[in-house]
Structure formats: C-alpha cells, structure tokens
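Commentary on secondary and tertiary structure
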Amino acid sequence: MKIPFSTFQHMHEALRPQLLSAFERCVETGWFIQGEEYTAFEAEFAASCGLPYGVGVGNGMDAIFLALRALGIGAGDEVIVPSHTFIATALAVRYAGAAPVFCEPRMDTFTLDPEKIEACITARTRAIIPVHLYGQAADMDSICRTAKRHGLFVVEDCAQAHGAVYQGKPVGSWGQAGAFSFYPGKNLGALGDAGAAVTADAQLADKMHALCCYGSSEKYVHEYAGVNSRLDELQAAFLRIKLRCLAQWNAERQQIAKKYLESIQNERLLLPVTGGQRNHVWHLFVIRCEERDRLRAYLAEKGIGTNVHYPIPMHLQKAFSDMGFQKGAFPIAEKLSETILSLPLYIGMSDEEIAYVADALNAF
Ligand SMILES: *Cc1c(COP(=O)(O)O)cnc(C)c1O
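What comes next is a walk through the structure. (Residues numbered from 1 in each chain as written. Predicted model: local features only at pLDDT ≥ 70, side-chain atom pairs only at ≥ 80, totals over all residues. Heavy atoms only, no water.)

On to the side chain of His 283. Locating His 283 in the fold gives a position in the loop between strand E12 (269-270) and strand E13 (285-289). A polar side-chain atom of His 283 sits 3.1 Å from a polar atom in the side chain of Asn 187. Excluding residues that lie within four positions of it along the chain, His 283 makes contacts with Tyr 134, Gly 135, Gln 160, Gly 185, Lys 186, Asn 187 and Arg 253. (Helix = DSSP H or I, 4+ residues; strand = E, 2+ residues; numbered from the N terminus. Polar contact = N/O pair within 3.5 Å; in protein donor to acceptor, adjacent residues only side chain to side chain. Contact = heavy atoms within 4.5 Å.)

Structure representation (structure tokens):
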C-alpha cells in the first residue's frame with residue numbers, strides 16, 4: 001500500500017464545482033483585490049474565532065509581523081517565541097525590527113512551557129508569541145496571566161490551529177491579536193498563499209489594515225511606512241467555501257487521531273499528549289522515537305510518507321547564527337528535533353490506511 005504524508009485529492013474533489021464557480025465569479029466581476037469576497041471572508045473568519053475584526057493579509061508570517069508592528073513593537077524590543085516552532089514565528093519578530101528571545105517548550109505537549117517564560121522576561125520584553133503547535137492550544141490561561149503581570153502583549157501564532165479552543169475559547173481570541181496562515185497544507189488552506197489576523201480591538205484592526213496596504217487607509221494618503229501584503233479576492237472566495245467545511249474537517253482529523261491513539265502500541269514510540277483544557281485539531285500527528293531516522297526509513301520502505309516538523313531548532317538555524325547560540329543551549333527543542341516524526345493525516349484518509357500505518361508502527 002502507498003500512503004502519502006498528505007494529499008488534497010479528496011478535499012478538493014468534493015469542492016471542485018464550488019471552487020470553479022468562485023473562480024468564474026471573480027473573473028466576471030473583474031475585481032481582484034479587496035472586493036466583496038475579501039470583506040465577507042474577513043468578517044466570517046473573525047466570527048469563527050468569536051471576534052469582530054479580521055484583517056486579510058498575504059500570508060501567515062505577515063499576519064504575525066503586522067500585528068507586532070500595529071502594537072508598536074520594533075527596534076530595541078524583545079519578543080518571546082518558542083525555541084521549537086516553524087521559523088516564521090521568529091522571523092516575523094526580526095522583520096518587525098525586534099529581537100526574538102527563545103523559550104523552551106513542554107516536552108509532552110510541544111507548546112510553550114508557561115513555567116519557563118518568566119526567566120526570559122527582561123526590561124525590553126514587549127510581547128509573547130505562543131504557538132498552538134501541531135493544532136493543539138498552548139496553555140493560554142497561564143501564559144496570559146504571566147503576560148498581564150508583566151504588562152506584555154500576547155500575539156497568538158494560530159497558523160496550525162484553525163478552530164482549536166482552550167477552555168472553550170477559540171485560539172486567536174486570547175491575546176491582543178491572533179495570526180493565521182492559509183498556506184494550502186494548513187487545516188484551513190487557500191489555493192496559494194494567504195493569511196489573516198483577528199482581533200477584538202477596532203483600532204488595532206484599522207492599523208493592521210492600513211499597514212498591509214502601504215500604510216494607507218485613504219487612497220494615496222500614507223500614514224505609516226507600511227507594506228503590500230493583501231489577501232486577494234480569488235483566495236478569499238476559495239477560503240469562504242472552505243471555511244464552511246472547517247469544523248467537519250477538524251472533526252475528521254480528530255477521528256483519525258483517535259484511531260491512531262487507540263491502535264498504536266509500541267514501547268519504543270511516544271504518542272502525543274492531549275487533554276485538560278487544551279483541545280487539538282490535529283494539523284499534525286507527531287510521535288516521538290529515539291530511533292527516529294531508522295523508523296522513518298522503515299516506514300518509507302513500507303510505502304508510508306512521513307515528515308519532520310522541524311529538524312533544526314531555531315537557535316541552530318544559520319539564519320540566526322548572529323545570536324551566537326551553540327548546540328546545548330536549548331536542550332528540549334534539540335531533543336524534540338531529533339526524535340519527532342509526523343505521521344500521515346489528511347482529509348479522506350480511510351480506516352484501512354490508518355490501520356496499515358498503525359500495524360507498521362506496531363511491528364517496528
Ligand atoms: C505555516 C506557519 C507560519 C507561516 O505561515 P505562512 O503562510 O507560510 O507565512 C507561521 N507559524 C507557524 C507555526 C506555521 O506553521
């Protein structure tokens with residue numbers, strides 16, 4: 001049996017007529033940037049997070065960067081980010097002109113360790129960016145309490161967790177702003193690059209809207225030195241169609257994960273930890289194994305596609321070599337990068353496919 005790590009085949013086959021008619025509608029109206037689909041998607045997506053304001057932008061990294069800039073964060077400021085995340089979280093901080101400060105994650109849930117944040121705070125710290133990594137909400141009550149105590153902003157990186165909640169409250173609605181990516185492979189993905197920020201703060205939303213459009217709210221009047229990072233009309237139209245399926249897709253992901261959790265039994269494998277106040281929308285199903293590379297090769301031989309998210313922790317990336325970190329500086333992030341493995345998980349995955357992967361893992 002051949003099992004890809006991921007595929008859009010089933011997801012898009014079912015939506016094909018709707019996606020094609022959205023394309024035709026856009027071509028007919030001849031309006032491609034910031035039109036009706038864009039405005040409607042912003043409102044619908046924000047509402048799905050329980051919030052009044054959405055700001056459609058070009059991609060997920062820009063959503064983080066624009067939220068930071070709109071909050072007035074820039075040169076001389078420090079922002080706490082996880083040492084174990086996709087690099088966009090930390091690069092967005094750099095892009096805003098501020099300095100990322102790495103904080104270790106919890107070994108069990110992979111998300112920011114709330115007990116380690118305090119030690120990262122200095123007089124320059126302005127914000128914390130928790131990442132709801134792999135689809136699981138970070139420990140938001142504790143993180144927000146620490147932020148409040150120290151007068152820090154919280155910008156949530158929700159790129160992997162569309163529809164996730166913590167204590168029943170949607171991710172993206174805990175901090176001053178939530179940043180989402182609609183990169184095709186995310187739980188809610190466009191047919192290209194796209195992103196959005198959500199917020200309860202009208203002024204912050206206005207500022208992000210201006211910043212993503214050359215710093216302008218009124219045509220040819222530029223209040224800020226902004227950038228061009230807009231969600232285009234066509235992607236907004238596609239995203240409106242796919243947003244209506246998000247809850248059902250997340251439920252399907254949860255079913256697949258449940259089957260994995262029930263059927264994978266092997267002492268050499270550590271299964272993902274969930275529960276408590278956190279919920280999980282399973283952007284990725286990540287296991288741990290001391291012999292990760294051998295396991296990965298073994299699964300490949302059986303036709304099973306896997307991936308590693310991510311193989312190099314932030315502090316050891318060449319892009320951040322100017323920070324001067326050596327191996328050993330962030331042992332938890334390093335340990336995770338050496339032992340994690342993401343299993344196949346996609347919309348339309350059959351019981352037979354899930355069982356084939358679980359059987360292969362159990363025989364390892
Ligand atoms: C995908 C992702 C981003 C960036 O999103 P883009 O749309 O690719 O810019 C940021 N943070 C995390 C955790 C991601 O997974």
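Spatially, seven strands are ordered E1-E9-E8-E5-E4-E2-E3 in an open sheet, and the strand pairing comes out mixed. If you trace the sheet from one side to the other, it starts and ends with strand E1 (53-57) and strand E3 (99-103), each paired once. Put simply, the sheet's adjacent strands are angled 25° from each other on average, direction ignored. Judged from the five bridges that link them, strand E2 (residues 78-82) and E3 form a sheet pairing that is parallel. Bridge pairing in E3 links Glu 78 to Ala 99. Helix H2 (residues 36-48) rests against E1, strand E8 (177-181) and strand E9 (195-199) of the sheet, and its axis sits at about 130° to E1. (Pairing = 2+ DSSP bridges. Axes fitted to C-alpha atoms, helices over the stretch in contact; angles between N-to-C directions.)

Once that is clear, we can look at the environment of Trp 282. Structurally, Trp 282 is set in the loop between E12 and E13. It is 9.7 Å that separates the C-alpha atoms of Trp 282 and Gln 255, two residues lying 27 residues apart in sequence. When neighbours within four sequence positions are excluded, Trp 282 is seen to be in contact with Tyr 134, Gly 135, Asn 187, Arg 253, Gln 254, Ala 257, Leu 261, Pro 272, Thr 274 and Leu 345.

Moving on to unusual backbone geometry. A cis geometry characterises the amide bond from His 309 onward to Tyr 310, with omega recorded as 15°. Residue position: Tyr 310 is located in the loop between helix H10 (292-301) and helix H11 (331-339). A positive phi is found at Tyr 214, a non-glycine position, where the angle reads about 60°. As for its placement among the helices and strands, Tyr 214 is situated in the loop between helix H7 (202-211) and strand E10 (216-218).

Moving on, we come to helix H9 (residues 246-263). Over its 18 residues, H9 runs 26 Å from end to end, which matches the ideal 26 Å to within 8%, given 1.5 Å per residue. Taken residue by residue, H9 has Leu 246, Trp 249, Asn 250, Arg 253, Ile 256, Ala 257 and Tyr 260 as its buried positions. End-on view of H9: buried residues confined to an arc of 120°, all on one side of the axis. Opposite the packed face of H9, turned more than 90 degrees from it, sit the exposed residues Ala 247, Gln 248 and Glu 262. (Expected span 1.5 Å × (residues − 1). Buried < 20%, exposed > 50% of the residue type's maximum accessible area, 1.4 Å probe, protein only. Arc of directions from axis to C-beta.)

To continue, consider the pairing of E3. A large share of E3 lies buried, amounting to four of its five residues. Tracing the backbone out of E2, into helix H4 (residues 88-95) and back to the parallel element E3 gives a crossover that is right-handed. (Right-handed = clockwise from strand over helix to strand, strands pointing away.)

Turning our attention to the site of the ligand. Taken together, 14 residues are adjacent to the ligand, and Gly 60, Asp 157, Gln 160, Ser 181 and Lys 186 come closest. Between Gly 60 and the ligand, the recorded distance is 2.7 Å, taken from a backbone N or O atom to an oxygen atom. With respect to the pocket detection grid, the ligand is positioned in the largest pocket. Where the shell around the ligand is concerned, the elements lending two or more residues are helix H3 (60-70) and H4. Its residues assigned to classes, the shell around the ligand shows six nonpolar, six polar and two charged. (Near = heavy atom within 4 Å. 1 Å grid on protein atoms, 1.4 Å probe; cavity = no way out; pocket = protein on both sides within 12 Å on 5 of 7 lines; lining within 4 Å. Sits in = over half its atoms within 2 Å of the grid points. Nonpolar A, V, L, I, M, F, W, Y, C, P; charged D, E, K, R; others polar.)

Taken as a whole and assessed by the stated rule, the structure comprises 18 salt bridges. A salt bridge links Glu 37 to Arg 240; the shortest N-O distance between them is 3.0 Å. With Glu 37 in helix H2 and Arg 240 in helix H8 (residues 233-243), the pair connects residues that are 203 residues apart, well separated along the chain. With relative accessibility at 10%, the residue Glu 37 sits in the buried group. Asp 108 is paired through a salt bridge with Arg 106; the nearest N and O atoms lie 2.8 Å apart. Here the salt bridges do not stand alone but share partners, grouping Arg 25, Glu 37, Glu 44 and Arg 240 into one network. (Salt bridge = Lys/Arg side-chain N within 4 Å of Asp/Glu carboxyl O.)

Here the focus is empty space enclosed by the protein. Within this structure, the stated rule accounts for one cavity of 30 Å³ or more. Size it by volume and the largest cavity reaches roughly 30 Å³. Partitioned by chemical class, the residues of the lining of the largest cavity number seven nonpolar, three polar and no charged. (Points joined across faces, edges and corners; volume = space filled by probe spheres on them.)

The next subject is the sheet that holds E12. Strand order in the open sheet made by the three strands is E12-E13-E14, with antiparallel pairing throughout. Each having just a single partner strand, E12 and strand E14 (340-343) make up the two edges of the open sheet. Two elements, E13 and E14, share four bridges in a ladder whose sense is antiparallel. Within E14, the position partnered with Phe 285 by the bridge is Leu 343. In the packing of H11 onto the sheet, the strands contacted are E13 and E14, and the crossing angle to E13 comes to about 95°.

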